[in-house]
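What the coordinates show
Chain by chain, the residues run as shown.
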Amino acid sequence: TFDTEEPQDLGTIVDSFLFPKDAPGFGGHPRVFLLKGETGSGKSLFCQDLVLRLCEDLEEKQVPPANAPVPLFISLPKLDDPIYSAIEEPLLAAGFTIEQIAELKAKQSFIFVLDASDEIHQFQNLYVTNKLGEWNAKVVITCRSQHLYQVQDADKYFMPYHGENRMPHLLNQYFV
């Protein structure tokens, strides 16, 4: 979180979250990036541009690095079951089989962008319910800040857990 009111470049902040310079891979670095903002502040547009930029970066590299993370933009309100199948549902809709998804889960790294968590109108920890800890993935989640105003301890709906234990060091939060 920002300790200052000074504006910062969100693209640079997200890049340092996605690709930390001090170690390869995702390791013990934060796994979830929560992007909060008022209605119309540009959260979804920023995330769509982020995924496009990441895809273009992959295409520009003739031979992408082994296991380069694949970005996947997911509009949560468009899913039938965003609580338990936020990743599998769009992959199945794209033509992947259950077996192929299991292989991707085991071998590929991802950047999942889960957009509009507030629009599913349920307070659930999508990282936990979708078992995103089982994937080699970084997760960006967008949420309208006004959706969280009356929610006590809202962080619990976004941070990774290990069993029943919260892992707050694996959650980054920013306001746009």
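Before reading further, recall that the structure is shown in the block above.
We now turn to the structure provided with this report. (Residues numbered from 1 in each chain as written. Predicted model: local features only at pLDDT ≥ 70, side-chain atom pairs only at ≥ 80, totals over all residues. Heavy atoms only, no water.)

**Notes on the overall build of the chain**
Check the secondary structure of the chain and you find five helices and seven strands. For the chain, the sequential pattern of α-helices and β-strands runs α-β-α-β-α-α-β-α-β-β-β-β. Along the first, second and third principal axes, the C-alpha atoms of the chain reach 45 × 35 × 30 Å. For the chain, the accessible surface area stands at approximately 9900 Å², while carbon and sulfur atoms represent 52% of it. Of the side-chain charges in the chain, 14 are positive and 25 negative, and the distance between the mean point of each set is 4 Å. (Helix = DSSP H or I, 4+ residues; strand = E, 2+ residues; numbered from the N terminus. Areas by Shrake-Rupley, 256 points an atom, 1.4 Å probe, with all protein chains shown as cover. Lys, Arg positive; Asp, Glu negative; His and termini not counted. Charge placed at Lys NZ, Arg CZ, Asp CG, Glu CD.)

**Re the packing of aromatic side chains**
Per the stated rule, a full pass over the model turns up six aromatic pairs. For the ring pair Phe112 and Trp135, a centre distance of 5.4 Å and an interplane angle of 85° mean the geometry is edge-to-face. In this pair, Phe112 sits in strand β3 (residues 109–115) while Trp135 sits in the loop between α5 (126–129) and β4 (136–144), placing the two residues 23 residues apart along the sequence. Taking the relative accessible area as the measure of exposure, Phe112 reaches 0% and is therefore buried. Ring pairing ties together the aromatic residues Phe17, Phe33 and Tyr174, which thus form one cluster. (Phe/Tyr/Trp six-rings, centres within 6.5 Å; stacked < 30°, edge-to-face > 60°. Buried < 20%, exposed > 50% of the residue type's maximum accessible area, 1.4 Å probe, protein only.)

**Notes on empty space enclosed by the protein**
Evaluated as defined, the whole model comprises one cavity of 30 Å³ or more. Looking at the lining of the largest cavity residue by residue, the class counts come to seven nonpolar, four polar and one charged. (1 Å grid on protein atoms, 1.4 Å probe; cavity = no way out; pocket = protein on both sides within 12 Å on 5 of 7 lines; lining within 4 Å. Points joined across faces, edges and corners; volume = space filled by probe spheres on them. Nonpolar A, V, L, I, M, F, W, Y, C, P; charged D, E, K, R; others polar.)

**Re the state of the cysteines**
For the structure shown, the criterion picks out zero disulfides. Of the cysteine sulfurs around Cys55, a residue in no disulfide, the closest is that of Cys47, at 13 Å. (Disulfide = S-S within 2.5 Å.)

**Here's the deal with the pattern of salt bridges**
The full count for this structure, using the stated rule, is six salt bridges. Two residues, Lys105 and Glu134, come together in a salt bridge whose shortest N-O distance is 2.8 Å. Placement of Lys105 in helix α4 (residues 98–107) and of Glu134 in the loop between α5 and β4 is noted, with a sequence separation of 29 residues between them. When its relative accessible area of 23% is taken as the criterion, Lys105 is described as partly exposed. Classification of Glu134 as partly exposed rests on a relative accessible area of 48%. Arg144 serves as the salt-bridge partner of Glu119, at 3.3 Å between the closest nitrogen and oxygen. Taken together, the positions of Glu119 in the loop between β3 and α5 and Arg144 in strand β4 put the pair 25 residues apart, joining distant regions of the chain. In this structure Arg144 comes out as partly exposed when scored by relative accessible area, which is 30%. The structure contains a network of salt bridges with shared partners spanning Asp118, Glu119 and Arg144. (Salt bridge = Lys/Arg side-chain N within 4 Å of Asp/Glu carboxyl O.)

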